[in-house]
Amino acid sequence: MAEPFYIVGPCAAETRAQVLETARLLAKEAGIHVFRAPAWKPRTQPGHFEGVGEDALAWLQEVRLTYGMKVATEVATAEHVRLAAHYHIDYLWIGARTTANPFLVQQLSDALREASQVEGYIPHVLIKNPISPDVALWQGAIERMAAVVGMESVMAVHRGFSSTSTPYRNAPMWPVAFELRQRLPGVPLLLDASHMAGSCDGVEVLSRQAMSLGYDGLMLESHCAPEEALSDAQQQLTPSAVGQLLRSLCTRASSCDMGLQALRSEMDELDDTLWSLILQRMQVSRRIGQYKQAHHLPVLQQSRYEAVLQKRLEWARQNGLDEQAVLQLMTTLHAESCRWQL
Ligand code: PEP
Ligand code: MN
């Protein structure tokens, strides 16, 4: 793909006015050509806004007619596919929770085959990564959809993976996406920076990283009034912020060393994990401190520290790490740990 591909729109279609206004502003202020707005929202827990259903497809049709944009929505059941075909939705995507289930993906693929045979409906299909870092499951879902629409009409969307050790809403785990790119080199790879980041600040950082890594484009959430959004309010950019972000992104794929960028991103992710584990360790220290206080035990127990240290030094020797360096790190870690126990 020569030009980066951007697919942008709200987390959910909420009202006709919100859909049309967000689309108008995205076209005008950010030059967006492909507008996303889910009619159905897969929510982790019941009781949250689950989308308005079919009405949203009619609003998307209006967006296409009024602003000349291509339109996109998420499908998770065969009935969604039939309705999307009826409203000639240009792009469909399969969400992370659906990709995780091969039975469902096959049902979507079958429904799409029927719509293509009966109505000649052949949309583009975007496949999000599954919620667990399973590259074969992601590849399998892409192949099931490509069997109907052709490899040239599918794209992969990297939205990150459920994890507790990440500063983001979903952990990037970049190597999983790199592996997919190696397995399916012809399939464009987009980053869903919004669902990966979970916050507007994170969206910017991740979008930059993706473009440096040679991703083919981005999926972003944007709402004409983010503070009023019925879902994912904290990660939706205003259309003008989307415009600013996209203008400031430079596609450096040709001018920078992609191999180096990939390794740096891997290292950044490891650092994020490492520091979040160190924080978790301190939080356990605090609970140990509370226990010791309640049971009148001293904070510093030299024999316990000696045992922990010797175990780590032995491990360092076995793994080729410099003992002095490990000793220094352990001393610093222990001192900070004692501080958390006070
Ligand atoms: C979405 O893009 O609206 C969505 C729900 O994303 P995901 O399937 O990645 O959670
Ligand atoms: Mn969302």
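So, a few notes on the structure that sits alongside this text. (Residues numbered from 1 in each chain as written. Chains lettered and ligands numbered in written order. Predicted model: local features only at pLDDT ≥ 70, side-chain atom pairs only at ≥ 80, totals over all residues. Heavy atoms only, no water.)

1. Overview of the overall build of the protein
If you tally the helices and strands in the protein, you get 13 helices and eight strands. Counting only C-alpha atoms and orienting by the principal axes, one finds that the protein spans roughly 75 × 40 × 40 Å. In the protein, buried positions account for 49% of the 342 residues. The long-range fraction of contacts in the protein, counting pairs at least 24 apart against all pairs at least 6 apart in sequence, stands at 73%. On the protein, roughly 16800 Å² of surface is accessible, and the fraction owed to carbon and sulfur atoms is 54%. (Helix = DSSP H or I, 4+ residues; strand = E, 2+ residues; numbered from the N terminus. Buried < 20%, exposed > 50% of the residue type's maximum accessible area, 1.4 Å probe, protein only. Contact = heavy atoms within 4.5 Å. Areas by Shrake-Rupley, 256 points an atom, 1.4 Å probe, with all protein chains shown as cover.)

2. Quick notes on the packing of helix α3 (residues 78-86) against helix α5 (residues 102-119)
Axis separation between α3 and α5 bottoms out at 8 Å; the angle between their running directions is 30°. Considered as vectors, α3 and α5 are oriented roughly parallel to each other. Seen along the crossing, α3 lies across α5 with a hand that is right-handed. Where α3 approaches α5, its residues Ala78, Val81, Ala85 and His86 are matched on the opposing element by Gln107, Leu108, Ala111, Leu112, Ala115 and Glu119. Split into classes, the residues belonging to the contact of α3 with α5 amount to seven nonpolar, two polar and one charged. (Axes fitted to C-alpha atoms, helices over the stretch in contact; angles between N-to-C directions. Parallel < 35°, antiparallel > 145°, perpendicular 65-115°, else oblique. Left-handed = near helix turned anticlockwise from the far one by under 90°. Nonpolar A, V, L, I, M, F, W, Y, C, P; charged D, E, K, R; others polar.)

3. Structural notes on the site of ligand 1
If you check the shell around ligand 1, you find Arg36, Pro38, Lys41, Glu74, Trp93, Gly95, Ala96, Arg97, Lys128, Arg159, His195 and Glu221 and nothing else. Backbone polar atom of Ala96 to an oxygen atom of ligand 1: 2.8 Å apart, as the coordinates give it. Taking Arg159, its side chain carries an N or O atom lying 2.7 Å from an oxygen atom of ligand 1. Computed on the free molecule, ligand 1 has an accessible area of 300 Å², of which 97% lies beneath the protein chains in the complex. Of the residues that constitute the shell around ligand 1, the class distribution is three nonpolar, two polar and seven charged. (Near = heavy atom within 4 Å. Polar contact = N/O pair within 3.5 Å; in protein donor to acceptor, adjacent residues only side chain to side chain.)

4. Brief notes about the sheet that holds strand β3 (residues 70-74)
Adjacent strands of a sheet pair through backbone hydrogen bonds, lying either parallel or antiparallel. Pairing within the closed barrel is parallel, and its eight strands lie in the order β1-β2-β3-β4-β5-β6-β7-β8. Going across the sheet, the axis of each strand differs from the next one's by a mean of 25°, ignoring polarity. Bridge analysis of β3 against strand β4 (residues 91-94) gives three bridges, and the strand direction is parallel. If you follow Thr73 over to β4, its bridge partner there is Leu92. Across the sheet, helix α1 (residues 16-30) touches β1 (5-9) and β2 (34-36), and the angle it forms with β2 is around 150°. Strands in contact with helix α2 (residues 54-67) are β2 and β3; relative to β3, the strand with the most contacts, it is inclined by about 160°. (Pairing = 2+ DSSP bridges.)

5. Points about the coordination of the manganese ion (ligand 2)
At 2.1 to 2.4 Å from the manganese ion (ligand 2) lie its protein donor atoms, namely Cys11 (SG), His195 (NE2), Glu221 (OE) and Asp232 (OD). Sequence spacing of the donor residues for the manganese ion (ligand 2), all on one chain, is C-x183-H-x25-E-x10-D. One end of the pair, His195, is in helix α8 (residues 193-197); the other, Glu221, is in strand β8 (residues 217-221), with 26 residues separating them in the sequence. (Donors = N, O, S within 2.8 Å, 3.2 Å for Na, K, Ca; no water.)

6. Some remarks on the packing of aromatic side chains
On inspection of all chains with the given rule, the structure shows two aromatic pairs. Ring plane angle 40° and centroid distance 5.6 Å describe the contact between Phe5 and Tyr91, whose orientation is recorded as tilted. Here Phe5 is found in strand β1, whereas its partner Tyr91 is found in strand β4, with 86 residues between them in sequence. Of the two residues, Phe5 and Tyr91, both sit in the buried class. The interplanar angle of 85° and the centroid separation of 5.9 Å between the aromatic rings of Trp174 and Tyr215 together place this pair among those described as edge-to-face. Pair noted here: Trp174 is in helix α7 (residues 174-183) and Tyr215 is in the loop between α9 (200-212) and β8, with a separation of 41 residues, a long-range link. One exposure class covers both Trp174 and Tyr215, and it is buried. Over the ring of Trp315 we find Arg312; its NZ or CZ atom is 5.1 Å from the centre of that ring. (Phe/Tyr/Trp six-rings, centres within 6.5 Å; stacked < 30°, edge-to-face > 60°. Lys NZ or Arg CZ within 6 Å of the ring centre and 35° of its normal.)

7. Some thoughts on the side chain of Ser194
Secondary-structure assignment places Ser194 in helix α8. Given the relative accessible area of 0%, Ser194 is considered buried.

8. Describing the pattern of salt bridges
For the structure shown, the criterion picks out twelve salt bridges. Of the charged contacts, one joins Glu62 and Arg16 as a salt bridge, the two residues approaching to 2.5 Å between their closest N and O atoms. Here Glu62, found in helix α2, pairs with Arg16, found in helix α1; they are 46 residues apart in sequence, far enough to count as distant. According to the relative accessible area criterion, Glu62 is partly exposed, its value standing at 26%. Across the salt bridge formed by Arg82 and Glu79, the nearest N and O atoms sit 3.2 Å from each other. Separated by three residues within a single helix, Arg82 and Glu79 lie in helix α3, roughly one turn from each other. Residue Arg82 is classed as partly exposed on the basis of its relative accessible area, which comes to 40%. Where salt bridges share partners, they join Glu314, Arg317 and Glu323 into one cluster. (Salt bridge = Lys/Arg side-chain N within 4 Å of Asp/Glu carboxyl O.)

By themselves, these observations are geometric and do not establish any function.
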